[in-house]
Amino acid sequence: MYRQFIRLCAMGVILFTPSMVFGQQIPLDPQVRTGRLPNGLTYYLRKNNEPQKQAYMMIVNKAGSILEDDDQLGLAHFMEHMNFNGTRHFPKNELVNFLEKSGVTFGADLNAYTSFDETVYILPIPTTNPEMLPKGLDVLRDWASEATLDPVEIDKERGVILEEERLHRGRGERIDKQTFPMLTNRSKYGARSPIGEVDILRTFKPESIKRFKDDWYRPDLQAVIVVGDIDLDKTEKLVKTRFTDLNNPVKERTRSRYEIELKGNNQFIVATDDEQPNVSIEIYFKRKSGDLYTEEEYVRAIKGQLMNQMISFRQLEMTNSDPAPAYLNMGIGKQGFVGGVETMGISVTGKKGKLKEAFKKTWGLVERLRKYGFTEQDLENARTQFLRFYEQRFEEREHNESKSYAQEYVSLFLRGEASPGIAWEYDFVKKTLPKISVSDINALLQGYLEPHDRDIVVGAPTSEKGMLPTEKDIEGWMTEVAQAETSAFREQESEKELLETLPVAGKVVSRTQKREFGVTELKLSNGINVILKPTAYKSDQIIFTAFSEGGTSLYDLKDFFNAAYATSFFDEMGLGKLTSIEMQRKLAGSTAQVSVNIGEKIEAAGGGASVKDIETAFQVLYLKFTSPRKDTVLFGNMLANFEEILANRYLDPQNVFSDSIEAIVSNRDARHRAPSVEDIKALNLDRMYRIYKERFADASGFTFVFVGNFEERELLPLIEKYLGSLPATHKAEKARAFKLKSLEGKVMKVVSAGTENKASVRMFVHGKAKNTEVERMKLRALCEILQMRLVQILREDEGGVYTPSVRGAFIEEEQKFSIGIGFGCSPQNADRLISLVTAALKDIRERGVTAEEVQKFKVACEKRHDQSLTTNEFWLQYLAGQYRKKEDLSAINAFHKDLSRVTAESLLKASQVFFSDKNVLTFKLVPKSTS
């Protein structure tokens, strides 16, 4: 996890001072037990108790789409799917069935992915049952070599794969098809997209995928990873027993290492699309990415990350101070790519008719950095942030999750990226950071910006194809910028403090303990309620949330958008006398995060910090309540950007679809629609400011909830100083009730937009029901069971979708529920699949669910519940919810009792309400050509 923070920054061309050269190999974390079997299979094992009674297991293959023969395009990914459709120990789809009975959910827990160079399978399992670990290793063993590749199952899976391919289609995919071959220098990477070729996916013979499996699914290219609540000796013995007898092919094909060759040439391409909203220019300077297994390479990676942080700050400074910018957005930074290459990327999207001006402004920042470099202050800010990140991760070393370790060992196996453990990394970073100079970072940047191996991509709407700049034009703009007069960046350390004067503290006037839940309730002298729950789930985390009744409901329609967008705008403008840039400088190295929001019925605040930085979070929170800052320049820029984005919003067919759904589902309620350009033009800075102040002027209506690693006696002075001093008018406001009248009956709406041969389906079932915890649990159960059935019917049986989704919820504070069902498919198949969903709902209403389905839900539900009880996030959400709804905290104690009331019989009865066919809204997005 920690190494991944910098792994994409591994460098190739960097200048060093003699004192900075380290050639020593980075040691492996001593907590990892690793070995290599005689057949070449590697294993990584680690005992870790986060989360408890769980193990995170993986099988990693150094085999991805890059190894496919010309008749196998897409079969590396297809092979990944087939490992879930019949193996030696788990015929057909019995694997998913077995794991679901153990509380492992397909998709959310059980999963896999295929990339260019690897295929990785993921299996988190409970370890409470001692038989599960051996069973889990049986699964990994089957994935390694024992897929049955039944021709019948292959043919059934073709439809699923083709639907996954269909989901990828769209503007981004069409642009990528035009540009990716050039970006990969016409290498094999440009011709080996993991999703493959449709014609091959439809027609390949089973022998082709079997050949891929036999060639590349072999132990010398595989690793087994097991991290979790395990006995290392027993696990190692089980791994050796199950994997030692795997054999490599007699005629072994060489597993070549493919790379993108850099020849020094520059390239240019124009990519157009009917749905492209604006004209953009992207420039990529391609460089060889370095390895990450020596100390020298680790230093290079640190420098790369520091450079990115310093660029990011200068970029933010420019965008926040630029009056009426010509760009919609711009970005500069180093990033990973593929084939042993990384890039320095510069991108800019121009406003209509202003591309040249937008590009020259963006390139002007690049030229200033190239000519003058960074300042000492830039480096110091970046150092502080970087070190703070490692310091906090070190503090949390006992709470690092097994998944994070496992992912780190994937990179170790695939790319040789060192995994020394956070103790080594933190110590190395502390020793290394002071030795890195501004000249080091400037030299690094110079190496990236040398004018070779440079690609320029112009993306544009098809309608503007004849009016776009050429490569010569853009190079001319670069020259103009380079020849223009510029100046070096100046040190701009602000002497302003976050708080110029400390507030006058209030007092705690009452204190109540609820020992059963480890909760303390405080009442402050200004009327604020504070809920405290100290925990030890994280060593260095305190999080909080706050709420008060009111929200946008208190404003008439003419002020609705002023209220709805007030916090979004002011979040970008700084606080008090500090601009947003000055705020960033002040908070460099701090983990404090604070946000506020005006919702439909509440105004809210939230955030958190490390133990060390919690007072800073309190100070920012105090300023958010009392001192929002108006910035007319930023307001004008944000307004102009918003208007331009909205003007092109409906070029994206998904936006047409979602807005059509919202309008109909809400019965065209004025408060439940996307804003128009006219709505945005009507926004008024002064009115937004007054509304913001109104919503946070009366703190007496607020309840604050704090959860994390704190002592009450240490937090109390901060609460009294920064919360107890907040203004209070004691208005006792209540949100206004706007009863949303949902559209009733059976409705079918077809939306025609876009050109791709793909459809999206959304179905909504809604009605009235008792909003109690037991009914909410029954609703969850029915939705999860329906999703399992739809996966079987729509995906496995029909091959008509990739992944259907079912989500259900009660409308807050109302006795109403809504269930959403969604999937993508071919337009020609949409009506049949809709009818199958309708039939599945009817079948549950009439025949109910099975005992096995109920048991699968209960096991998964108990697992999620048990895991959530040891997280700060759960307790913050639970406590805030109970206090806001004014419900008893003891509801959580009824979990097992409530779950026991979920039975096949109770769900049959509940389905008459939740799966009623009385109010069903069906929406279908199809391309214009099939409308």
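Quick caveat, the model's predicted, so the values are computed rather than measured. (Residues numbered from 1 in each chain as written. Predicted model: local features only at pLDDT ≥ 70, side-chain atom pairs only at ≥ 80, totals over all residues. Heavy atoms only, no water.)

A short note on the sheet that holds strand S11 (residues 454-461)
Which entries qualify depends on this criterion: Two strands qualify as a pair provided that DSSP identifies no fewer than 2 bridges between them. By definition, any uninterrupted DSSP run of H or I lasting at least four residues is a helix, any uninterrupted run of E lasting at least two residues is a strand, and each is numbered from the N terminus. Lines fitted to the C-alpha atoms define the axes, with helices restricted to the stretch that makes contact. Angles between their N-to-C directions range from 0 to 180 degrees. Any two residues having at least one pair of non-hydrogen atoms within 4.5 Å are treated as being in contact.
Ordered by their spatial adjacency, five strands build an open sheet running S7-S11-S8-S10-S9, and the pairing between neighbours is mixed. Every other strand in the sheet has two partners, leaving strand S7 (267-273) and strand S9 (327-336) as the edge strands with one partner each. The sheet shows a mean angle of 15° between the axes of neighbouring strands, taken without regard to direction. Sitting on the sheet, helix H11 (residues 355-372) is in contact with strand S8 (280-288), S9 and strand S10 (341-350), with an inclination near 140° to S10.

A short note on the side chain of Ser65
For clarity, the cut-off: The rule is simple: take the accessible area with a 1.4 Å probe, protein chains only, and divide by the maximum for that residue type; under 20% is buried, over 50% is exposed, in between is partly exposed. Pairs of N or O atoms are called polar contacts if they sit within 3.5 Å, as long as, within protein, a hydrogen donor faces a hydrogen acceptor (for residues adjacent in sequence, only side-chain-to-side-chain pairs).
Topologically, Ser65 is positioned in the loop between strand S3 (54-61) and helix H2 (75-82). You can call Ser65 buried: its relative accessible area is 0%. There is a polar contact of 2.7 Å between the side chain of Ser65 and the backbone oxygen of Arg192. Apart from residues lying up to four places away in sequence, Ser65 is in contact with Ala76, Ser115, Phe116, Arg192, Ser193 and Pro194.

A few points about the sheet that holds strand S16 (residues 593-598)
Strand order across the open sheet formed by seven strands is S12-S13-S14-S18-S15-S17-S16, with mixed pairing between neighbours. In this open sheet, the two edge strands, each paired with only one partner strand, are strand S12 (508-514) and S16. Pairs of neighbouring strands in the sheet enclose a mean axial angle of 15°, with direction left out of account. Across eight bridges, the pairing between strand S15 (residues 542-549) and strand S17 (residues 602-609) is antiparallel. Note on S17: the bridge partner recorded for Phe547 is Ala604. Along the sheet, helix H24 (residues 685-696) contacts S15, S16 and S17; its crossing angle with S16, the most-contacted strand, is approximately 105°. Along the sheet face, helix H25 (residues 712-723) touches S12, strand S13 (519-524), strand S14 (529-534) and strand S18 (703-708) and points at about 30° away from the line of S13.

Points about helix H20 (residues 614-626)
As a reminder of what qualifies: An expected span of 1.5 Å times one less than the residue number is assigned to each helix.
Relative to the 18 Å expected for 13 residues at 1.5 Å per residue, H20 spans 19 Å between its end C-alpha atoms, a close match to the ideal helical length. Summarising burial for H20: eleven of the 13 residues are buried, a large majority. Along H20, the residues classified as buried are Ile614, Ala617, Phe618, Gln619, Val620, Leu621, Tyr622, Leu623, Lys624, Phe625 and Thr626.

Quick look at the packing of aromatic side chains
Convention followed: Two aromatic rings from Phe, Tyr or Trp, using only the six-membered ring of Trp, form a pair when their centres are within 6.5 Å; if the ring planes differ by under 30 degrees the pair is stacked, by over 60 it is edge-to-face, and anything between is tilted.
For the structure on display, the rule yields 43 aromatic pairs. Summarising the aromatic geometry, the rings of Phe180 and Phe337 are spaced 5.9 Å apart at their centres and angled 65° between planes, so their arrangement reads as edge-to-face. In this pair, Phe180 is assigned in helix H6 (residues 171-183) and Phe337 in the loop between S9 and S10, connecting sequence segments 157 residues apart. Of the residues examined, Phe337 reaches a relative accessible area of 30% and is grouped as partly exposed.

Some points on the UniProt feature "domain: Peptidase M16 C-terminal" (unreviewed entry) in the protein
Defined as follows: UniProt positions are given in the numbering used here, feature names are shortened, and annotations may be inferred rather than shown by experiment.
In this structure's numbering, the residues bearing the UniProt feature "domain: Peptidase M16 C-terminal" (unreviewed entry) are residues 204-385 and 683-856. Taken as a whole, residues 683-856 contains 42% helix and 22% strand, while its terminal C-alpha atoms sit 51 Å from one another.

Focus on the pattern of salt bridges
The condition that has to hold: Whenever Lys or Arg places a side-chain nitrogen within 4 Å of a carboxyl oxygen from Asp or Glu, that contact is recorded as a salt bridge.
Scanning all chains against the criterion turns up 83 salt bridges. The partner of Arg789 in a salt bridge is Asp843, and the shortest N-O contact between them spans 2.9 Å. You can see Arg789 sitting in helix H26 (residues 773-797) and its partner Asp843 sitting in helix H27 (residues 830-847), a full 54 residues away along the chain. Looking at Arg789, the relative accessible area reads 15%, which means it is buried. Among the charged side chains, a network of salt bridges with common partners joins Asp69, Asp71, Arg211, Asp215 and Arg253.

What to know about the domain arrangement of the protein
A common way to state how big an interface is: give the accessible area lost once the parts meet. Going by this rule: In this entry, domain limits derive from an automatic or database-based domain assignment.
By domain assignment, the protein separates into domain 1 (32-244), domain 2 (267-483), domain 3 (508-629 + 690-723) and domain 4 (746-927). The straight-line distance from the C-alpha centre of domain 2 to that of domain 4 is 42 Å.

Topic: the packing of helix H10 (residues 295-321) against H11
Keep this limit in mind: An angle counts as roughly parallel when it lies under 35 degrees, as roughly antiparallel when it exceeds 145, as roughly perpendicular when it falls between 65 and 115, and as oblique in every other case. What makes a crossing left-handed is the near helix being turned counterclockwise from the far one by less than a right angle; a clockwise turn instead makes it right-handed. Residues are grouped as follows: Ala, Val, Leu, Ile, Met, Phe, Trp, Tyr, Cys and Pro are nonpolar; Asp, Glu, Lys and Arg are charged; all remaining types, including Gly, are polar.
Contact geometry for H10 and H11: axes closest at 11 Å, N-to-C directions at 135°. With respect to each other, H10 and H11 are oriented oblique. In the crossing of H10 with H11, the sense of the turn from one axis to the other is right-handed. Of the residues in H11, those in contact with Ile311, Arg314, Gln315 and Met318 of H10 are Lys361, Thr362, Leu365 and Leu369. When grouped by side-chain class, the residues that make up the contact of H10 with H11 number four nonpolar, two polar and two charged.

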